[in-house]
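Given next are the chains, with one letter for each unit.
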Amino acid sequence: MVVSENNIPRLQQIITVALRHGTSIRQIVNKLEDALEDIATLIYRLGGRQLLFALNQKLSLPSLRTLRTHASFTTITPTIGPIRDEHIHANIHTIVLATQSPTSPKRGVSLMIDEIALEEMAIHFSKYNQHSHLVDPVLHTYESAVNIAQKIHAGQVHLGKELTVIGASFFGEDDIYPLLAAPTCKAEDATDMEQLLARVINCWSIASAGASAGPIWSFTMDGDATRCAAGHKLFLKNALAPELPLYGTLINMLGLNLFTGDGKVTLDFDYKHILKRICTLIRSPSGIVLNNGCIINSMMLACYLVWLPAYDEAAVMKLLHPDDPQDVPCAVELILAIIHNLFSMDIDTHADLKSITLLSVLIESFLTPFINTMLSLFDQIQYLSRYSHIAFTFFHAHQRSFMSYQLYYDTQTAVKNIIFCCKKQQILDPNAPFYCYDLDSSTPSIQYRSS
């Protein structure tokens, strides 16, 4: 109706370009419908249901009812102030259990924790503010505003700096189910974080989500030091019992750490965070030491990457000195450039290029299972096992000159977790899908931004 009654700017150009590329009329209509739904969703997120209703009446944009028939809306109970079990229970029941059908197969669950940035500002929630008894939150006068500012400055009242998000992901499924969204003032220590992680797992158990939806297999971290310390204490405290089905297979994998947490939950680290940290190490002046003390750093790579046909000096500088060091695609591109090197060796560069080749084998072994969707699960595990053994060899020879203790620990822990989860899946249902790239702690924060 809106198309027939209004001259929409640039609509004719869009249709002309689509027809020029051979797009069918049905596909064009589908794209226009998707665009209208995206606009309506954006209006609903920014202005609420009343603004969407007004524009639906005036411009015939899709209504909220139409949006709900084409997309799922997740309503999460936020936690502001002290974290309470009832908030986590409410989210488990409304977001996870309510969406599971009785015929849904049981699958393993990976809990994930990450943080997203918040705009620091004073917002009062009368039901939840933890420190509201310390200050009058109502701005009656100028003096009351000054009083609040002084309390914040003194540390008696805290502003949320980031939002801690914990989500659940079922293996073999793309969806993320947020369980907790709580502002953090970054004052928590490892003990506080340990209690939080244990509380979420306990709430999952009390809600009988393990029996009706699936057991928790792993808890994925993003590399934060406080969370890492908490995860280490929680998930590496029990030796795997010999009578367990897991033990019969995993005991034959020499060198594999067989310590887990309660319920055989294992610690994991997000592979994208690991890739960024590996690139940060390579780009640093100290670099990474391989092959009898040869240092590979940004200065060395700048000399050789320009030999590749796809890179000139400017492109190499952008890879080695990116505007955003946290840019994951840039990190992957740098790793792939090292992996796909086609350098010709001569006597003057033989030692350097041999070291780059060793580095390419090392990082290829870790990266490939997460980006090559054509690999079988056997091939993925084989790549990761190769990484684990090569990394151990280099770390044994060069220790911190090879990589930091924390990075080495995180990479080996990530490999261990995938092997554990793979075996758990074989025991639970050997025919169900299982993907290494399901283990990604940045997903809950991305999901929360879009929900």
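Cut-offs used in this document
- Each chain carries its own residue numbering, running from 1 in the direction its sequence is written.
- The model is predicted, so local features are restricted to residues of pLDDT at least 70 and side-chain atom pairs to those at 80 or more, both for listing and for counting; the totals for chains, interfaces and linings are taken over all residues.
- Side-chain numbers here rest on the full set of heavy atoms in the structure, without hydrogens or water.
- Helix and strand labels come from DSSP, where a helix needs a run of H or I of at least four residues and a strand needs a run of E of at least two; each type is numbered from the N terminus.
- Exposed residues in this analysis have more than 50% of their type's maximum accessible area, buried residues have under 20%, and partly exposed residues fall in between, with area computed by a 1.4 Å probe over protein chains only.
- Any pair of residues with heavy atoms lying within 4.5 Å of one another is described as a contacting pair.
- Angles here are taken between N-to-C directions and fall from 0 to 180 degrees, while the axes themselves are lines fitted to C-alpha atoms, restricted in helices to the stretch in contact.
- Just so you know how the angles are binned, under 35 degrees is roughly parallel, over 145 roughly antiparallel, 65 to 115 roughly perpendicular, and the rest oblique.
- Two helices that cross are described as forming a left-handed crossing if the nearer one is turned anticlockwise from the farther one by less than a right angle, and a right-handed crossing if clockwise.
- Residue polarity follows a fixed list, in which Ala, Val, Leu, Ile, Met, Phe, Trp, Tyr, Cys and Pro are nonpolar, Asp, Glu, Lys and Arg are charged, and the others, Gly among them, are polar.
- When the centres of two rings from Phe, Tyr and Trp lie within 6.5 Å, Trp using its six-membered ring, the rings pair. Their planes under 30 degrees apart give stacked, over 60 give edge-to-face, and anything left gives tilted.

Novice: What should I look at first to understand the overall build of the protein chain in this one?
Specialist: Scanning the protein chain from terminus to terminus reveals 18 helices and nine strands. The buried share of the protein chain, taken over its 451 residues, is 43%. At a minimum sequence separation of 6, the contacts of the protein chain that also span at least 24 residues come to 68%.

Novice: Teacher, can you tell me more about the packing of helix α13 (residues 313–320) against helix α14 (residues 328–339) here?
Specialist: When two helices pack together, their arrangement is given by the angle between the helix axes and by the axis-to-axis distance. With their axes 9 Å apart at the nearest point, α13 and α14 run at an angle of 120° to one another. Here α13 is positioned oblique relative to α14, judged by the angle of their axes. For the crossing formed where α13 meets α14, the hand is left-handed. Counted together, K318, L319 and L320 of α13 and C330, E333, L334 and A337 of α14 form the full contact between these two elements. When grouped by side-chain class, the residues that make up the contact of α13 with α14 number five nonpolar, no polar and two charged.

Novice: Explain the packing of aromatic side chains here, please?
Specialist: The relative placement of two aromatic rings is captured by the distance of their centres and the angle of their planes. Under the counting rule described, the total for this entry stands at twelve aromatic pairs. Between F269 and Y409, the aromatic rings sit 6.2 Å apart at their centres with planes inclined by 70°, giving edge-to-face as the arrangement. Here the residue F269 occupies a position in strand β7 (residues 266–269), and Y409 occupies one in helix α17 (residues 405–428), the gap between them amounting to 140 residues. On the basis of relative accessibility, which here comes to 24%, the residue Y409 falls in the partly exposed class. Look at Y304 and W307: their rings are 5.0 Å apart centre to centre, the planes differ by 75°, and that puts the pair in the edge-to-face class. For W307, a relative accessible area of 42% translates into the label partly exposed.

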